[in-house]
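Observations on chain architecture
One-letter residues, chain by chain:
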Amino acid sequence: MFLFLDPVLMRFEILLDLLFGTSCRLCGHPGDYVCSACENNFIPDSFQSCPNCGSKNEDGKFCDSDVGECGQNFLFDQLIVSMDYGKSDFLRKSISSYKYDLEKMLCVTLAKPMKHQFFRLRHKIPDEKNIILCPVPLHKKKLKQRGFNQSLLLAKQIDDENLLDCLEREIFLSDQAKLSKSQRLKNLRGSIRVKGEFGDLVKNKSVVVVDDVATTGSTLNECAATLKNCGVPYVCGLVLARVR
Ligand SMILES: [Zn+2]
Ligand SMILES: [Zn+2]
């Protein structure tokens, strides 16, 4: 199951587990890497909502998506959210363990509700048979610090066959989370681009951009801007959670 992960790190983890015994990375309970009680907390939402106003719907598209006001400040067309972040400390903690405690094998558990939502709703994405999954890129410097792109690992778990790691980030964004919404948009402008060799492959395809968390939607907007410049007609975001 973890074949794509770094083999050296894997051997090290297995050795540690043999010496000290495994415990759940989310609650500390002795036993599996993620215990069944924690595993059962990852319940996908049964509804979606408009990415702008939050009113519930079934597919995560904007209200009156062709001409309506809700979509006017966004360049992406749809946002599929897997779980409700606001109500769940557990989810918040899990994402933090994954990204900041560098428990990269949590990608397997975290991707499950995302995979569920993607396959449940992919028929709502135009040209369903030609969908490409693409992770939000991490700048090289950040990648070096963390050692992995959390969005890429999630995307691999969701649909490895249709995955294309086709975006890259040009400017190093240090403390994106601490910036205001307008500062973020300014900071992001022009920072993401389609890697040269992939331009032709994404053209005329529906692209699903995978990220762990969406906040204002500015990162997704930036990905959508650059993809649409390359001839991508439809961009859908797919995230584990939305933080409003
Ligand atoms: Zn647990
Ligand atoms: Zn709306």
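Residues numbered from 1 in each chain as written. Chains lettered and ligands numbered in written order. Predicted model: local features only at pLDDT ≥ 70, side-chain atom pairs only at ≥ 80, totals over all residues. Heavy atoms only, no water.

Looking now at the pattern of salt bridges. What the rule picks out here adds up to nine salt bridges. A salt bridge links Glu58 to Lys124, with the nearest nitrogen and oxygen atoms 2.8 Å apart. Of the two residues, Glu58 is situated in the loop between strand 2 (56–57) and strand 3 (78–83) and Lys124 in the loop between helix 4 (107–121) and strand 4 (131–135); the sequence distance between them amounts to 66 residues. Taking the relative accessible area as the measure of exposure, Glu58 reaches 52% and is therefore exposed. Judged by its relative accessible area of 23%, Lys124 falls in the partly exposed class. Residue Lys99 pairs with Asp212 through a salt bridge whose shortest N-O separation is 2.8 Å. With Lys99 in helix 3 (residues 89–99) and Asp212 in strand 7 (residues 206–214), this pair connects stretches of sequence that are 113 residues apart. (Salt bridge = Lys/Arg side-chain N within 4 Å of Asp/Glu carboxyl O. Helix = DSSP H or I, 4+ residues; strand = E, 2+ residues; numbered from the N terminus. Buried < 20%, exposed > 50% of the residue type's maximum accessible area, 1.4 Å probe, protein only.)

Around a metal, the perfect tetrahedron of four donors has angles of 109.5 degrees, and the perfect octahedron of six donors has angles of 90 or 180 degrees. Listed as protein donors to the zinc ion (ligand 2) are Cys50 (SG), Cys53 (SG), Cys63 (SG) and Cys70 (SG); their distances from the metal cover 2.3 Å. Every donor counted, the four donor atoms about the zinc ion (ligand 2) form angles of 103 to 119° at the centre, which fits tetrahedral coordination. Within one chain, the residues serving as donors to the zinc ion (ligand 2) are arranged as C-x2-C-x9-C-x6-C. Of this pair, Cys53 sits in the loop between strand 1 (48–49) and strand 2 while Cys70 sits in the loop between strand 2 and strand 3, and the two are 17 residues apart along the sequence. (Donors = N, O, S within 2.8 Å, 3.2 Å for Na, K, Ca; no water. Tetrahedral: all angles 85-135°; square planar, octahedral: opposite > 155°, others 65-115°.)

In the first shell of the zinc ion (ligand 1), the protein supplies Cys24 (SG), Cys27 (SG), Cys35 (SG) and Cys38 (SG), at 2.3 Å from the metal. Each of the four donor atoms bound to the zinc ion (ligand 1) contributes to angles spanning 105 to 116°, and the resulting shape is tetrahedral. Of note, the donors binding the zinc ion (ligand 1) are all from one chain and are spaced C-x2-C-x7-C-x2-C. Residue class for Cys27 comes out partly exposed when judged on its relative accessible area of 46%.

Attention shifts here to the pairing of strand 4. Judged by how many residues are buried, strand 4 sits mostly within the fold: five of five residues are covered. Where burial is concerned, the two faces of strand 4 agree: the one with Ile131, Leu133 and Pro135 and the one with Ile132 and Cys134 are both buried. Here strand 4 pairs with strand 7 via five bridges, running parallel. In the sheet register, Cys134 faces strand 7, and the bridge partner there is Val209. (Pairing = 2+ DSSP bridges.)

A few words now on unusual backbone geometry. Positive phi is not limited to glycine here, since Leu102 has a value of about 60°. Within the fold, Leu102 resides in the loop between helix 3 and helix 4. The exposure class assigned to Leu102 is partly exposed, which follows from its relative accessible area of 40%.

Taken together, the four strands give an open sheet; going across it, the order is 3-8-7-4, and neighbouring strands pair in parallel fashion. Both edges of this open sheet fall to strand 3 and strand 4, since each of them pairs with a single strand only. Taking each pair of neighbouring strands and ignoring which way they run, the sheet shows an average axis angle of 25°. Sheet topology places strand 3 next to strand 8 (residues 234–242); five bridges connect them, and they run parallel. Looking at strand 8, one finds that Met83 is bridged to Ala241. With respect to the sheet, helix 4 is in contact with strand 3, strand 4, strand 7 and strand 8, its orientation differing from that of strand 3 by roughly 135°. Sheet strands in contact with helix 6 (residues 150–159) are strand 4, strand 7 and strand 8, and its direction is about 125° off that of strand 7. (Axes fitted to C-alpha atoms, helices over the stretch in contact; angles between N-to-C directions. Contact = heavy atoms within 4.5 Å.)

Further remarks concern the environment of Cys134. Its location among the elements puts Cys134 in strand 4. Relative accessible area serves as the criterion here: at 0%, Cys134 is assigned to the buried category. For the pair Cys134 and Ala155, spaced 21 residues apart in sequence, the C-alpha to C-alpha distance is 7.1 Å. Leave out the neighbours within four places in its chain, and Cys134 touches Leu164, Cys166, Leu167, Val207, Val208, Val209 and Val210.

In this section: helix 9 (residues 218–229). Compared with an ideal rise of 1.5 Å per residue, which puts twelve residues at 16 Å, helix 9 spans 17 Å between its outermost C-alpha atoms and is within 8% of the ideal. Across the twelve residues of helix 9, nine count as buried, placing the element largely inside the fold. When helix 9 is considered as a whole, its buried residues turn out to be Ser218, Thr219, Leu220, Asn221, Glu222, Cys223, Ala224, Thr226 and Leu227. Immediately downstream of helix 9, the backbone of Gly231 shows phi near 90°, a positive value. (Expected span 1.5 Å × (residues − 1).)

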